[in-house]
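Close look at the chain arrangement
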Amino acid sequence: MEEIFPINITDRAVEMILHTMNQIEMDPKITYLQVGVIGGGCAGWKYNMDFSDSVPNEEWFVKEFGELKVIVDPISAGHLSGTTIKYLDGLQAGFKFENPSAQKNC
């Protein structure tokens, strides 16, 4: 049975992440976008996206969105299940995490 990847990333968000990767001088070993949660924020957790050269082990979730390889650790996966990452254009441009299981937004 195929595992369900915990998050979805819109095409526009993938485009902007790949654009960012191309704009900065990255170490060629960095091959993944790691998405997760870390302690902090007003709800106790905050979302985190970072470039990574870590090789995920078999417990991690791995998915390719076109040319973008995304990894999620198993602890974060539980908090991110069903989340969609979007990129918003305009005055408040940036990435937005839409998490249907978030009980509190700040």
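To be clear, the structure that these remarks concern was listed above.
Residues numbered from 1 in each chain as written. Predicted model: local features only at pLDDT ≥ 70, side-chain atom pairs only at ≥ 80, totals over all residues. Heavy atoms only, no water.

1. Side note on the pattern of salt bridges
Quick reminder of the rule: Here a salt bridge means any side-chain nitrogen of Lys or Arg lying within 4 Å of a carboxyl oxygen belonging to Asp or Glu. Runs of E in the DSSP output that reach at least two residues are strands. Runs of H or I that reach at least four are helices, and both are numbered from the N terminus. For every residue, the accessible area (1.4 Å probe, protein chains only) is compared with the maximum for its type, and the residue is labelled buried under 20%, exposed over 50%, or partly exposed between those bounds.
By the definition in use, this model includes four salt bridges. For Arg12, the salt bridge identified is with Asp89, shortest N-O distance 2.8 Å. Of the two residues, Arg12 sits in helix H1 (residues 11–23) while Asp89 sits in the loop between strand S6 (83–88) and strand S7 (94–98), which places them 77 residues apart along the sequence. A relative accessible area of 29% means that Arg12 is categorised as partly exposed.

2. A word on H1
Put simply, the rule reads: Here, expected helix span is obtained from the residue count minus one, scaled by 1.5 Å.
Here H1 is 13 residues long and its end C-alpha atoms lie 18 Å apart, about the 18 Å a rise of 1.5 Å per residue gives. Three or more residues of H1 are buried, namely Ala13, Val14, Met16, Ile17, Leu18 and Met21.

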